[in-house]
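Below, each chain spelled out in residue letters.
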Amino acid sequence: MSDQRFAILAVCTANICRSPIMEALLRAQLDNDTFEVASAGTQGWDRQPMDGMAAMELMRLGHSNTHFRSHAVDTYLVDSADLILTATRSHRSAVLEITPAALRRTFTLLEFAALCGIVDGEDPRSLVADASRQRSKAPAEIDIGDPYRRSPEVHRRAADQIATAVGTISERLNALVAVG
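For the structure given in this document, a descriptive report is provided here.

**Concerning unusual backbone geometry**
Okay, step 1: Positive phi is not limited to glycine here, since Asn 15 has a value of about 60°.
Okay, step 2: Here Asn 15 shows up in the loop between β1 (6–12) and α1 (18–29).
Okay, step 3: By relative accessible area, which is 0% here, Asn 15 ends up buried.
Okay, step 4: With a phi close to 60°, Arg 149 is a non-glycine residue in the positive phi region.
Okay, step 5: Mapping Arg 149 onto the fold places it in the loop between α6 (124–133) and α7 (152–179).

And the structure:
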């Protein structure tokens, strides 16, 4: 792999529940010398803290994001990302409205996690390229429901889905970097 860093962007609606959890877990689990992680929202609530229930779930998972502030997704963030992971298909569509050329590197989190188990690549960029070619092999259920203003159980379910998917993705990406 080249010395160039690999940028990952996590996207959800307001960037206060799902994508901050994705960002924090990816940042904690990925090799910091290789990967950089950011998050944003399709309906940006600029400079807002993480939702309290989402922050509690992140703490339950052993992490915190106390200095987090939300950002709206924009052309710069999309264009500079090597991999864009969204909470839902509608977020993926919103990213593609900004930059249609980002299709080959934009997936829902659950979609990319499922594809990580069946695609090949000798480095993170080639893994993303093969996942794009084999996107049709992803499962049908690839959305993480919005927990905002919902019950603690809904927040826990979303956080657990994110944690499982991030674990799969991080393990695969870190293994590619270690081999390279």
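**With respect to the nonpolar core**
Okay, step 1: Counting residues in hydrophobic clusters, the biggest one holds 43 residues, and the most contacted among them are Ile 8, Leu 85, Leu 109, Phe 112 and Ile 169.
Okay, step 2: Mapped by element, the contributors of at least two residues to this core are β1, α1, β2 (35–41), α2 (52–60), β3 (83–86), α5 (109–116), α6 and α7.
Okay, step 3: Looking at this core element by element, the count peaks at nine residues for α7.
Okay, step 4: Ignoring sequence-local partners within four residues, the contact set of Leu 85 consists of Ile 8, Leu 9, Ala 10, Val 11, Met 22, Leu 26, Phe 107, Thr 108, Leu 109, Phe 112 and Ile 169.

**Describing the side chain of Glu 23**
Okay, step 1: As for its position among the elements, Glu 23 is in helix α1.
Okay, step 2: At 2.9 Å, the side chain of Glu 23 forms a polar contact with the side chain of Arg 27.
Okay, step 3: Contact partners of Glu 23, with chain neighbours within four places excluded, come to Ala 10, Val 37, Ala 38, Ser 39 and Phe 68.

**A short note on the pairing of β2**
Along any regular strand, the residues point their side chains to alternate faces of the sheet.
Okay, step 1: Among the seven residues of β2, five are classified as buried, and the element is accordingly described as predominantly covered.
Okay, step 2: Relative to β2, β1 runs parallel, the two being bridged by seven bridges. Counterpart to Cys 12 in the pairing with β2 is Gly 41.
Okay, step 3: This β-α-β element, β1 to α1 to β2, shows right-handed connectivity.

**Here we look at the sheet that holds β2**
Okay, step 1: Read across the open sheet, the four strands follow the order β2-β1-β3-β4; overall the sheet is parallel. Each edge of the open sheet is held by one strand with a lone partner, namely β2 and β4 (106–108). On average, each strand axis in the sheet is tilted by 25° relative to the strand beside it, whichever way the strands run.
Okay, step 2: The sheet contact formed by β1 and β3 spans four bridges and is parallel. From the neighbouring strand, Ile 8 faces β3, where its bridge partner is Leu 83.
Okay, step 3: Where helix α4 (residues 89–98) meets the sheet, its contacts fall on β1, β3 and β4, and the angle it forms with β4 comes to roughly 165°.

**Details of the packing of aromatic side chains**
Okay, step 1: Applying the stated criterion across every chain yields a total of two aromatic pairs.
Okay, step 2: When the centroid spacing of 5.6 Å and the interplanar angle of 80° are considered together, the rings of Phe 6 and Phe 35 count as edge-to-face. Of this pair, Phe 6 sits in strand β1 while Phe 35 sits in strand β2, and the two are 29 residues apart along the sequence.
Okay, step 3: A residue is classified by how much of its surface remains accessible, and Phe 6, at 0% relative accessible area, is buried.
Okay, step 4: Judged by its relative accessible area of 4%, Phe 35 is buried.
Okay, step 5: On the basis of an interplanar angle of 50° and a centroid distance of 5.1 Å, the ring pair of Phe 107 and Phe 112 is categorised as tilted.
Okay, step 6: With a relative accessible area of 0%, Phe 107 lands in the buried category.
Okay, step 7: With a relative accessible area of 0%, Phe 112 lands in the buried category.

**Brief notes about α6**
Okay, step 1: Turning to α6, its buried residues number three or more, namely Pro 124, Leu 127, Val 128, Asp 130, Ala 131 and Ser 132.
Okay, step 2: At the N-terminal end of α6, a side-chain oxygen is found 3.0 Å from the backbone nitrogen of Arg 125, two or three residues along, and the residue is Asp 123.

Conventions and cut-offs
Residues numbered from 1 in each chain as written. Predicted model: local features only at pLDDT ≥ 70, side-chain atom pairs only at ≥ 80, totals over all residues. Heavy atoms only, no water. Helix = DSSP H or I, 4+ residues; strand = E, 2+ residues; numbered from the N terminus. Buried < 20%, exposed > 50% of the residue type's maximum accessible area, 1.4 Å probe, protein only. Core = buried A, V, L, I, M, F, W, Y, C linked by side-chain atoms within 4.5 Å. Contact = heavy atoms within 4.5 Å. Polar contact = N/O pair within 3.5 Å; in protein donor to acceptor, adjacent residues only side chain to side chain. Pairing = 2+ DSSP bridges. Right-handed = clockwise from strand over helix to strand, strands pointing away. Axes fitted to C-alpha atoms, helices over the stretch in contact; angles between N-to-C directions. Phe/Tyr/Trp six-rings, centres within 6.5 Å; stacked < 30°, edge-to-face > 60°.

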